[in-house]
Amino acid sequence: MQGSQGSNEHETVGAYALGILDDAEATAFEAHLATCEWCAQQLDELAGMEPMLAALADLPGSGTPAIGESLSAKPSPRLVERLVDDVGERRAMKRRRSFYMIAAAAALIIAGPLAVIAANGGNDSGQKGTVAAATAKDTFDTLSDKVSATDKTTKVSATVAMTKKDWGTLGVVELSNVKGPLKCSLIAVGKNGERETMSSWSVPAWGYGIANATKAEAKAPLYAQGGAALKPNEIDHFEVMTFEGKKLVEVDA
């Protein structure tokens, strides 16, 4: 009597009873519930079944006929099978969403303070960029553990200042004599061969740390702050790489 849309709304009663619908879905179902005696009756019958259905939804092979047959005939095994499948699917989606949100939050916690910073802050990013630049350079200046190198071919120079953290290694690279336009990354290479990108940035056409540059912005080096899960004693060396895979400079740790 309701067609395919009504059938889908009927099947949502189990998810609604468990409270796993999002706000939009719950609102839509409540509008349907107000005019559907069948769903209202099923909702009353499903009261108190949340723990059982939730447990079944988390079991391997949930939604099989065996599970439906093992449950009460009221509601019918076929309905229970659909409910279990629905609960399982929605719980899986929620777990995936939670995982992505946690991963994103972790990335922000680690990468948030690792923004790439030009030492002079003289770009179009405004006052916020200037404040962030001072923070990166100040961090570099306060760290005593520094390693440096200059590539014989590219002539790019880099100094990496680092310190041990509970979560791994905080590092700030000072990069000079690099011309753009380029997109680059600072990579920590572990003694076990593991590679971790600590930070990424863009180099404008005029570059950074160019001694004879005509632009004031190009004379100052670039400072990029980042982090790695590797501890300082687990790092073999650092690499500054372009996004195209060219190594600009390698610095032994």
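Our subject is the structure listed above.
Presented here is a report on the structure given in the accompanying data block. Residue indices follow the written sequence of each chain, beginning from 1 at its first position. Thresholds applied to this predicted model are a pLDDT of at least 70 for local features of residues and 80 or more for the giving and counting of side-chain atom pairs; totals over whole chains, interfaces and linings are not thresholded and use all residues. Here the side-chain values reflect all heavy atoms present in the structure, with hydrogen atoms and water set aside.

Focus: the overall build of the protein chain
When you go through the protein chain residue by residue, the secondary structure sums to nine helices and nine strands. Three exposure classes are used, based on accessible area relative to the maximum for each residue type with a 1.4 Å probe and protein chains only: buried under 20%, partly exposed in between, and exposed over 50%. Per-residue burial over the protein chain gives 42% buried out of 253 residues. Whether two residues touch is decided by their heavy atoms; if any such pair falls within 4.5 Å, the residues are in contact. In the protein chain, the share of contacts with a sequence separation of at least 24, taken over all contacts with a separation of at least 6, comes to 58%. Strands here are runs of E lasting at least two residues and helices are runs of H or I lasting at least four, both read from the DSSP assignment and numbered beginning at the N terminus.

As for the sheet that holds strand E8 (residues 235-242)
For two strands to pair, DSSP has to find at least two bridges joining them. Taking strand neighbours across the sheet as the criterion, the four strands line up as E6-E5-E8-E9 in an open arrangement whose pairing is antiparallel. The open sheet has two edge strands with one neighbour each: strand E6 (195-203) and strand E9 (247-252). Geometrically, the sheet is characterised by an average inter-axis angle of 15° between neighbouring strands, direction not taken into account. The axes are straight lines fitted to the C-alpha atoms, using for helices just the contacting stretch, and the angles between their N-to-C directions are given from 0 to 180°.

Things to note about the nonpolar core
For our purposes a nonpolar core is just a set of buried Ala, Val, Leu, Ile, Met, Phe, Trp, Tyr and Cys residues, chained together by side-chain atoms within 4.5 Å. Judged by nonpolar contacts, the single largest core of 26 residues is most densely connected at Leu175, Leu186, Trp201, Phe238, Val240 and Val249. When contributions to this core are tallied by element, the ones reaching two or more residues are strand E2 (145-150), strand E3 (157-165), strand E4 (168-176), strand E5 (182-190), E6, strand E7 (222-228), E8 and E9. In this structure, Phe238 is in contact with Val147, Val160, Met162, Leu186, Ile187, Ala188, Met198, Val249, Glu250, Val251 and Ala253, ignoring residues within four places of it in sequence. If you look at the next biggest cluster of nonpolar residues, it comprises nine residues, including Val13, Ala26, Phe29 and Leu33.

Observations concerning the pattern of salt bridges
A carboxyl oxygen of Asp or Glu within 4 Å of a side-chain nitrogen of Lys or Arg is what we treat as a salt bridge. According to the stated counting rule, one finds four salt bridges in the structure shown. Between Asp141 and Lys137 there is a salt bridge, with its nearest N and O atoms 3.0 Å apart. Highlighted residues: Asp141 and Lys137, both in helix H8 (residues 127-142), separated by four residues, approximately one helical turn. Its relative accessible area of 29% is what places Lys137 among the partly exposed residues. The partner of Glu239 in a salt bridge is Lys247, with the nearest N and O atoms 3.7 Å apart. By relative accessible area, Glu239 is classed as buried at 6%. Classification of Lys247 by relative accessible area gives partly exposed; the value is 35%. One network of salt bridges, in which partners are shared, links Arg195, Glu239, Lys247 and Glu250.

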